[in-house]
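Here's the letter readout for the chains.
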Amino acid sequence: MEASVVITKYHGCKMGFVFEDMILTNTHLFSDESKVGNIYTARVDKKILNIDAAFLDIGESDPVYYQISEFKNRHIKLHGSKSDDLKTGGTILVMIDKDAAGTKKGVATADISLSGNDVIVNTSGSIGVSHKIKDPEIKDLLKKRLTEAVLSVPINNKDINYGVIARTSSGSKDVETVAEETIILLRKLDDIISRSKFCTPGQLMYKKEDSYVSFIKEVKRRYPDKSISVYTDDAFVYDILKDIYKTPDSDLYSFNTLDSINVSLFTDNLTNLINIYNIEKQMERALSRKVYISSGAELVIDRTEAATVIDVNSSKAIKGRDRDDFILSLNMKAATAIAKELVLRNISGIIIIDFVNMKKSDDYKKLINHLNNEISKDPIRCSYVDTTALGLVELTRKKTRKSLYEIMKNI
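No experiment lies behind these values; they were computed from the predicted model shown.

**Observations concerning the packing of helix α6 (residues 279-287) against helix α7 (residues 324-345)**
Then step 1. Remark: α6 packs on α7, axes separated minimally by 10 Å, with the N-to-C direction vectors making an angle of 110°. Put simply, α6 runs roughly perpendicular to α7. Note on element contacts: α7 touches α6 through Glu-341, Leu-344 and Arg-345, opposite Arg-285, Ala-286 and Leu-287.
Then step 2. In the contact of α6 with α7, the residues fall into three nonpolar, no polar and three charged.

This is the structure in structure tokens:
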């Protein structure tokens, strides 16, 4: 079984579409110039004393928001006082954590990191292993070897406590390969911090890798055991991706995640990728309020300012039936569908789910366990929070970029 990626123009914008068995599962807008992952030297432009925050000038048109209190004792100061107090006009090193959305400014963090295929190195000072790696022996081995790797790197910035997080994919890799990538990334991160001390405020010190490459790597991480076929009618995109396979750039680290990936340039003049993959119809479904699921029930998805509300509507599906096992089965299928819709639509923030009422507490436990398992597959952090007294399930999902609805309403 394989996953397919289509990169083409859609309504005048270059977009990526991910398909599993010809069903659309995710989208990405390449013309949306995200700054998430970029590292800047930033000047403290204005402090907001009552909430202990600041707006930073990163040399772009709009300032970014920075929560001072969140990074107490962890500001990476580049010029001026070494005390923890952050002064207006001072220069610090930050990474963009969230893009601007609507009236909200972009958000910067002092937790600087670089992502590789199997690890993320950062300035946290801690060694962590993905909670999705369940084998305790593998977790212990990774933690021990990565601790040794961090200590083995000769660093220039003695005041920085470097750390590393082993991704889920590292659990199936040779530990020495993972350690080697850690050392390469740590040296690069240390060099970025060293160079930033000699730069003026508002300088871009590190730009995340090419968006086409990072998109394909994200897809491969989501489908690690599947071959990936990439189809594009854009010769420029095709050349970028094919060059990587032919001559891997050591600065982009190991390209293990691009194994089992085939890239093809689509040149058929009689049709196009939009028609072949029925993208128009599938995008209509991805933006619709109602989603029909295999059980005969439907999801009703409503956006509000405060939250996204999802109602599992089963009136037709259970007409004439009152069996507990049927309702549980229906809710289980709905939970699977909801997890997929969160990814497809890139819904973030607070999510409230109203499942069909069940009589047995054990059935609720089974449902929540199943839901947790399904959202654990999400490439973006999604967490179960609670079930209210009225039986409403609460989730939160981290916002890293605009939702599909926000993107498409501006196209």
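Next, the rest of the story.
**What to know about the pairing of strand β8 (residues 91-98)**
Then step 1. Within β8, six of the eight residues are buried, leaving the element largely enclosed by the surrounding structure.
Then step 2. Looking at chain direction, strand β4 (residues 39-48) and β8 are connected through five bridges and run antiparallel. Bridged to Tyr-40 within β8 is Val-94.
Then step 3. Looking at chain direction, strand β7 (residues 76-79) and β8 are connected through three bridges and run antiparallel. Counterpart to Lys-77 in the pairing with β8 is Ile-92.
Then step 4. The pairing of β8 with strand β9 (residues 106-109) spans three bridges and is antiparallel.

**Let's talk about the environment of Val-291**
Then step 1. Its location among the elements puts Val-291 in strand β17 (residues 290-292).
Then step 2. You can call Val-291 buried: its relative accessible area is 1%.
Then step 3. Sequence-distant contacts of Val-291, defined by excluding residues within four places in its chain, comprise Arg-285, Ala-297, Glu-298, Leu-299, Ile-301, Glu-341 and Arg-345.

**As for the sheet that holds strand β19 (residues 308-313)**
Then step 1. The six strands are arranged β17-β18-β19-β20-β22-β21 in an open sheet whose pairing can be described as mixed. The outermost strands of the open sheet, each flanked by one partner alone, are β17 and β21 (382-387). When strand polarity is set aside, the average angle formed by the axes of neighbouring strands in this sheet is 20°.
Then step 2. Relative to strand β22 (residues 393-397), strand β20 (residues 349-354) runs antiparallel, the two being bridged by five bridges. Bridge assignment links Ile-353 to a residue of β22, and that residue is Val-393.

**Examining the side chain of Asn-331**
Then step 1. Relative to the elements of secondary structure, Asn-331 occurs in helix α7.
Then step 2. Beyond its immediate sequence surroundings of up to four residues, Asn-331 is in contact with Val-312, Phe-355, Val-356, Met-358 and Leu-367.

**Some points on the pattern of salt bridges**
Then step 1. Under the counting rule described, the total for this entry stands at 18 salt bridges.
Then step 2. The salt bridge partner of Glu-341 is Arg-285, with a shortest N-O separation of 2.8 Å. Placement of Glu-341 in helix α7 and of Arg-285 in helix α6 is noted, with a sequence separation of 56 residues between them.
Then step 3. For Glu-341, a relative accessible area of 4% corresponds to the buried category.
Then step 4. The exposure class assigned to Arg-285 is partly exposed, which follows from its relative accessible area of 36%.

**What to know about the packing of aromatic side chains**
Then step 1. In this structure the tally under the stated criterion is seven aromatic pairs.
Then step 2. Pairing Tyr-10 with Phe-17 gives two aromatic rings, centres 5.7 Å apart and planes at 80°, and the pair type is edge-to-face. Residue Tyr-10 shares its accessibility class with Phe-17, and that shared class is buried.
Then step 3. For the pair Phe-30 and Tyr-212, a centre-to-centre distance of 4.5 Å together with 40° between the ring planes defines the contact as tilted. You can see Phe-30 sitting in the loop between β3 (23-29) and β4 and its partner Tyr-212 sitting in helix α3 (residues 211-222), a full 182 residues away along the chain. Comparing Phe-30 with Tyr-212 shows no difference in burial state: the two are buried.
Then step 4. These aromatic residues form a ring-pair network of at least three members: Phe-19, Tyr-231 and Tyr-277.
Then step 5. Stacked on the ring of Tyr-405, the Lys or Arg Arg-303 has its end atom at 3.3 Å from the ring centre.

**A few points about the sheet that holds strand β10 (residues 113-115)**
Then step 1. In spatial order, the strands read β10-β11-β13-β12; together these four strands make up an open sheet with mixed pairing. The open sheet has two edge strands with one neighbour each: β10 and β12 (127-129). Strand after strand, the sheet turns through a mean of 15° between neighbouring axes, direction not considered.
Then step 2. By the bridge criterion, three bridges tie β10 to strand β11 (residues 119-122) in an arrangement that is antiparallel.

Conventions used here
Residues numbered from 1 in each chain as written. Predicted model: local features only at pLDDT ≥ 70, side-chain atom pairs only at ≥ 80, totals over all residues. Heavy atoms only, no water. Axes fitted to C-alpha atoms, helices over the stretch in contact; angles between N-to-C directions. Helix = DSSP H or I, 4+ residues; strand = E, 2+ residues; numbered from the N terminus. Parallel < 35°, antiparallel > 145°, perpendicular 65-115°, else oblique. Contact = heavy atoms within 4.5 Å. Nonpolar A, V, L, I, M, F, W, Y, C, P; charged D, E, K, R; others polar. Buried < 20%, exposed > 50% of the residue type's maximum accessible area, 1.4 Å probe, protein only. Pairing = 2+ DSSP bridges. Salt bridge = Lys/Arg side-chain N within 4 Å of Asp/Glu carboxyl O. Phe/Tyr/Trp six-rings, centres within 6.5 Å; stacked < 30°, edge-to-face > 60°. Lys NZ or Arg CZ within 6 Å of the ring centre and 35° of its normal.

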